[in-house]
Amino acid sequence: MPDLSGKFGLIVGVANKRSISWAIAQAAAAAGARLALTYPSERLEENVRELAATLDKPVILPCDVGSDEQIAALGSALDREFGGLDFLVHGAAFAPQAELSNPFFQTSREGFRIALDVSAYSLIALTRIAVPLMEKRGGGSVLTLTYLGSQRVFTNYNVMGVAKAALEAAVRYLASDLGPKNIRVNAISAGPIKTLAAAGISGFSNILQVYRDRAPLKRNVELSEVADAATFLLGPASRAVTGEIVMVDAGYHVTGI
Ligand SMILES: NC(=O)c1ccc[n+]([C@@H]2O[C@H](COP(=O)([O-])OP(=O)(O)OC[C@H]3O[C@@H](n4cnc5c(N)ncnc54)[C@H](O)[C@@H]3O)[C@@H](O)[C@H]2O)c1
């Protein structure tokens with residue numbers, strides 16, 4: 001069991017109990033970390049508050065990652081509450097519904113902008129507020145969530161694949177910038193899991209079935225398995241790992257025909 005006791009973490013991307021970020025929050029809390037959770041809108045605030053009530057002294061803060069003002073306010077609030085930060089989990093992603101069902105060549109300029117802004121640029125903006133807080137703690141770990149659709153074509157994943165490619169490149173550039181500050185930046189590329197975000201992708205159940213048929217482990221991955229890999233990347237056991245995309249997908253990515 002990784003030890004995150006005495007550590008302060010920020011988790012962005014909890015929508016409900018099926019969220020990958022919530023599974024990571026639970027695992028990090030079980031490992032001893034104290035957490036701040038964010039909600040992007042009033043609609044989701046109650047969900048996040050209810051879930052967070054099961055944690056020890058959680059801090060709940062608003063943050064729509066599309067807003068520079070809210071991100072700046074989040075940084076100040078974390079400084080006030082924790083006086084520093086040891087890790088950041090970035091699990092926010094969004095693309096307008098039409099972009100996940102229309103043919104990819106129909107991607108609109110606005111759909112592209114929103115998907116890349118919320119799903120990729122937000123990692124850079126959130127990391128920027130985390131840096132001074134992590135410096136106060138002598139370093140830190142930033143973790144985001146990606147998908148193999150960044151490199152291969154998955155039906156209807158469309159502009160989200162482009163956003164994930166940008167996100168993964170951002171992981172490498174951030175890792176290079178921040179390594180000298182002892183801040184590591186990594187991503188987990190998870191196999192498909194039925195969550196709110198996944199429900200927006202037409203034909204998602206078919207993707208789950210193909211993984212069960214073809215992945216070396218002949219099954220899908222569970223939330224707890226992604227969370228276990230996450231606590232490894234957030235904690236000291238991964239202290240020499242940065243700039244990495246860790247595949248937690250039952251091995252699906254190695255398969256050919
Ligand atoms: N579920 C999968 O199959 C799968 C596989 C690989 C990677 N991922 C990635 O994991 C991450 C978490 O997704 P999930 O599957 O747990 O679904 P989810 O719907 O539970 O989480 C997505 C989160 O993004 C948040 N979000 C959307 N727009 C936002 C905004 N403007 N500001 C702040 N937050 C915003 C939502 O509130 C939600 O909490 C995403 O990056 C997703 O792409 C998911």
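From a predicted model like this one, the values you see are computed outputs, not experimental measurements.

Definitions and cut-offs
- Residues numbered from 1 in each chain as written.
- Predicted model: local features only at pLDDT ≥ 70, side-chain atom pairs only at ≥ 80, totals over all residues.
- Heavy atoms only, no water.
- Helix = DSSP H or I, 4+ residues; strand = E, 2+ residues; numbered from the N terminus.
- Rg over C-alpha atoms; globule rule 2.2 N^0.38 Å.
- Buried < 20%, exposed > 50% of the residue type's maximum accessible area, 1.4 Å probe, protein only.
- Contact = heavy atoms within 4.5 Å.
- Near = heavy atom within 4 Å.
- Polar contact = N/O pair within 3.5 Å; in protein donor to acceptor, adjacent residues only side chain to side chain.
- Areas by Shrake-Rupley, 256 points an atom, 1.4 Å probe, with all protein chains shown as cover.
- Pairing = 2+ DSSP bridges.
- Salt bridge = Lys/Arg side-chain N within 4 Å of Asp/Glu carboxyl O.

1. Section: the overall build of the protein
Right, so step 1: Counting its regular elements, the protein contains eight helices and seven strands.
Right, so step 2: Relative to the compact-globule value of 18 Å for 257 residues, the protein shows a C-alpha radius of gyration of 17 Å, a close match.
Right, so step 3: The principal-axis extent of the C-alpha atoms belonging to the protein is close to 50 × 40 × 35 Å.
Right, so step 4: Across the 257 residues of the protein, 52% fall into the buried class.
Right, so step 5: Nonlocal contacts in the protein, meaning residues at least 24 apart in sequence, comprise 75% of its contacts between residues at least 6 apart.

2. Looking at the site of the ligand
Right, so step 1: Near the ligand lie 28 residues; those nearest to it are Ser 19, Ile 20, Lys 164, Ile 193 and Thr 195.
Right, so step 2: Separating an oxygen atom of the ligand from a side-chain N or O atom of Lys 164 is a distance of 2.8 Å.
Right, so step 3: Within the complex, 91% of the 820 Å² of free accessible area of the ligand lies under protein.
Right, so step 4: When contributions to the shell around the ligand are tallied by element, the ones reaching two or more residues are strand E5 (140-146) and helix H6 (196-199).

3. Describing the pairing of E5
Right, so step 1: With respect to burial, E5 is a largely interior element, seven of its seven residues being buried.
Right, so step 2: In E5, alternate side chains face the same way, and those of Gly 140, Val 142, Thr 144 and Thr 146 on one face and Ser 141, Leu 143 and Leu 145 on the other are all buried.
Right, so step 3: Looking at chain direction, strand E4 (residues 87-90) and E5 are connected through four bridges and run parallel. By the bridge assignment for E5, Val 89 is matched with Leu 143.
Right, so step 4: Relative to strand E6 (residues 183-190), E5 runs parallel, the two sharing seven bridges.

4. Side note on the pattern of salt bridges
Right, so step 1: Enumeration according to the criterion identifies seven salt bridges in this entry.
Right, so step 2: Residue Glu 45 pairs with Arg 49 through a salt bridge whose shortest N-O separation is 2.9 Å. Taken together, the positions of Glu 45 and Arg 49, both in helix H2 (residues 42-52) and four residues apart, correspond to about one turn of that helix.
Right, so step 3: Assessed through its relative accessible area of 40%, Arg 49 is described here as partly exposed.
Right, so step 4: A salt bridge links Asp 79 to Lys 136; the nearest nitrogen and oxygen atoms lie 2.7 Å apart. Note that Asp 79 is positioned in helix H3 (residues 68-82) and Lys 136 in the loop between helix H4 (109-135) and E5, a separation of 57 residues in sequence.
Right, so step 5: For Asp 79, a relative accessible area of 31% translates into the label partly exposed.
Right, so step 6: Residue classification places Lys 136 among the exposed residues on the basis of a relative accessible area of 52%.
Right, so step 7: Residues participating in the shared-partner salt-bridge network are Glu 110, Arg 113 and Asp 117.

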